[in-house]
Amino acid sequence: MGLASSERTALADLFAEVGPDRPTLCEGWDTGDLMSHLIVRERRPDAALGQVIPFLRGHGKSVTEAIEARPWADQIDTLRSGPPGWNPMGWGKLEELSNGAEFFVHHEDVRRGAPGWEPRALPTATAEAVEGILRSKFAGIITKPLGVGVLAVLPNGERIELRSGESTLELHGAAPEIVLWIFGRDEARVELVGDPQVLELIAAKRM
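Residues numbered from 1 in each chain as written. Predicted model: local features only at pLDDT ≥ 70, side-chain atom pairs only at ≥ 80, totals over all residues. Heavy atoms only, no water.

Q: Just to check I follow, could you spell out the packing of helix α2 (residues 31-43) against helix α5 (residues 72-81) for this structure?
A: The geometry of a pair of packed helices is captured by two quantities: the angle between their axes and the separation between those axes. Contact geometry for α2 and α5: axes closest at 10 Å, N-to-C directions at 45°. Between α2 and α5, the angle is such that the two are oblique. Note that α2 runs across α5; the crossing there is left-handed. Here α2 contributes Thr31, Gly32, Met35, Leu38, Ile39 and Arg43 to the contact with α5, which in turn contributes Trp72, Gln75, Ile76, Thr78, Leu79 and Ser81. Class assignment of the residues belonging to the contact of α2 with α5 gives a composition of six nonpolar, five polar and one charged. (Axes fitted to C-alpha atoms, helices over the stretch in contact; angles between N-to-C directions. Helix = DSSP H or I, 4+ residues; strand = E, 2+ residues; numbered from the N terminus. Parallel < 35°, antiparallel > 145°, perpendicular 65-115°, else oblique. Left-handed = near helix turned anticlockwise from the far one by under 90°. Contact = heavy atoms within 4.5 Å. Nonpolar A, V, L, I, M, F, W, Y, C, P; charged D, E, K, R; others polar.)

Next comes the structure, spelled out in structure tokens:
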């Protein structure tokens, strides 16, 4: 089972445990909002377009409201079953590319949305897959808006260059924590190291 499948299952289980009203790390979203986002993303691309095309916004809203009106257990079953057959998000390696990081991060959005969270002890396969995100080109793409070079420094001392640059921000921490941080989550145990000017720049960009 790959990262996308295992994290989807874990997130569905957590949704069943906490219900639709728990806060998440996604600003302004509770678990019900996150659930409808995930279902729309995989099953209703016509509604998802409403987020970027103004004249489709009303359509997107009505589809989302219809999903939210369904029983919570039905929504969980829909999420758990994965993308429909016509959606490339569910096709082999494309599933990992489309959904691996997505479901890992959103799983943690729910876990860390309330006080008292602790990092998970990840199974070896999951930990390796998450570390693979740092080693992928996607890590360089997602950190581009920071405007500096970015270097991940793991607890064993290994240094993984996410993006090159004249000035460099070092992210010290476990791979899952660094992945969450580069995806914009502040509830991550990462130490930022760099010149004061770099740290000030990053602080301003993360506000």
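Q: What am I meant to see in α5 here?
A: Since one α-helical turn is 3.6 residues long, residues separated by three or four positions face the same way. The complete set of buried residues in α5 reads Trp72, Gln75, Ile76, Thr78 and Leu79. Each buried residue of α5 sits inside an arc of 160° when the element is viewed along its axis, so together they form one side. Along its buried surface, α5 packs onto α1 (3-18), α2, α4 (57-69) and α6 (92-111). Following α5 by one or two positions, Gly82 adopts a phi angle in the positive range, close to 85°. (Buried < 20%, exposed > 50% of the residue type's maximum accessible area, 1.4 Å probe, protein only. Arc of directions from axis to C-beta.)

Q: Sorry, what's going on with the packing of α2 against α4 here?
A: Contact pair α2 / α4: the axes reach a minimum separation of 10 Å and the direction vectors enclose 120°. With respect to their mutual orientation, α2 and α4 come out oblique. Viewed along their axes, α2 and α4 form a crossing whose handedness is right-handed. Contacts from Gly32, Asp33, Ser36, Ile39 and Val40 in α2 reach Thr64, Ile67 and Glu68 in α4. Here the contact of α2 with α4 is composed, by residue class, of three nonpolar, three polar and two charged.

The values are spatial; any link to function lies outside them.
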